[in-house]
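Report on the structure
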Amino acid sequence: MPELPEVETIVRGLQKRIIGKTISGVEVLHPKPLGQTTPKELERFVRSQVFRKVERFGKYIHMQFASGKSLVCHLRMTGKYIYSSANVTKAEERRHIRIIFHFSDQSCLLYKDLRIFGTIKLYADGVTIAEKAKQGREPLSPALTTAYLLEKARRRQVAIKILLLDQSVIAGLGNIYVCEILFRARVSPFLSARDLSSAQAARIIEATREVIKLAIKNNGTSVSDFRNVDDKEGKFQNMLLVYQKTGAACAHCTGGIIQREKQGQRSTFFCPVCQV
Ligand SMILES: [Zn+2]
């Protein structure tokens, strides 16, 4: 599932590829990502629109048109945007493509989604985005402070890992990065959020910034099927220290062996020796 660094990688790719392009038409091969919106409504909404700006907030992609209208997209499990300089017509190339935005210069933007949990929402104005209001603080924003994390942690009777996955606390983190962050911060994923010390909170924030910056620099993590806008893999999977490293020797301590345990429907990877 794409997390902040993967979505940021896609957004940067879109900024290079689609800004200034005019939509000449849209093909809806599967309507599910549109939810309540009909293919006809999408066609009417985007036809002749010019992409002006693409931004990320949390794990969302916010595509804005010069007219002020916008699209708010979430990739969920397997969604991806791939840019193509020419139309895609062969059946095998069209596999898993759900929506095609055609541009006036014959290039197009493909929305691919194997499992179709991703969403595309239409906003007539780009100001009152409901999803934006629900997001917590961004990892790289100075607004994410130790005091903020401690304040959120004190109110919750959940494990610290579950708190960090809550998008209304910190926006954009998912299972891979939270495992890596807690490992680097040497904090147990099972620690009750209420027992988080100020020193631990500070280490978590420092590790969050470090991991997210490094992952963005390496164009995200391709452990399952993540691809950028140019259909290329990220490189951060080569730098993972704990995620999917069950049985490996800990990179931080002597004698620690990475373990895997189920925690809230997801796999948690950790070192039982140095993450306390
Ligand atoms: Zn260790």
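Residues numbered from 1 in each chain as written. Predicted model: local features only at pLDDT ≥ 70, side-chain atom pairs only at ≥ 80, totals over all residues. Heavy atoms only, no water.

It is worth spelling out the pairing of strand β5 (residues 79-84) at this point. Of all 6 residues in β5, 6 are buried; the element is thus mostly enclosed. Alternating positions in β5 separate into two faces, Gly79, Tyr81 and Tyr83 on one and Lys80, Ile82 and Ser84 on the other, with burial throughout. (Buried < 20%, exposed > 50% of the residue type's maximum accessible area, 1.4 Å probe, protein only. Helix = DSSP H or I, 4+ residues; strand = E, 2+ residues; numbered from the N terminus.)

Okay, helix α4 (residues 146-154) next. All of the buried residues along α4 are Tyr148, Leu149, Leu150 and Ala153. Buried-residue contacts for α4 involve α5 (160-165) and α7 (198-217). (Contact = heavy atoms within 4.5 Å.)

Before going further, it helps to examine the packing of aromatic side chains. For the structure shown, the criterion picks out 7 aromatic pairs. Taking the centre distance of 6.1 Å and the plane angle of 80 degrees together, the rings of Phe51 and Phe103 count as edge-to-face. Remark: Phe103 occurs in strand β6 (residues 97-103) and Phe51 occurs in strand β2 (residues 51-57); sequence separation between them is 52 residues. Taking the relative accessible area as the measure of exposure, Phe103 reaches 2% and is therefore buried. Ring geometry for Tyr81 against Tyr111: centres 4.9 Å apart, planes inclined by 45 degrees, an arrangement best described as tilted. Remark: Tyr111 occurs in strand β7 (residues 108-113) and Tyr81 occurs in strand β5; sequence separation between them is 30 residues. According to the relative accessible area criterion, Tyr111 is buried, its value standing at 1%. One aromatic cluster is present, built from ring pairs that chain together Phe51, Phe65 and Phe103. One Lys or Arg, Lys69, reaches over the ring of Phe45 and ends 4.5 Å from the middle of that ring. (Phe/Tyr/Trp six-rings, centres within 6.5 Å; stacked < 30°, edge-to-face > 60°. Lys NZ or Arg CZ within 6 Å of the ring centre and 35° of its normal.)

It is worth spelling out the coordination of the zinc ion at this point. Coordination of the zinc ion by the protein involves Cys250 (SG), Cys253 (SG), Cys271 (SG) and Cys274 (SG), with metal-donor separations of 2.2 to 2.3 Å. Going along the chain, you hit the donors of the zinc ion in the pattern C-x2-C-x17-C-x2-C. Of this pair, Cys250 sits in the loop between α7 and β9 (259-263) while Cys274 sits in the segment after β10 (266-270), and the two are 24 residues apart along the sequence. Given the relative accessible area of 8%, Cys250 is considered buried. (Donors = N, O, S within 2.8 Å, 3.2 Å for Na, K, Ca; no water.)

Remember, this is a structural readout, not a statement about activity or role.
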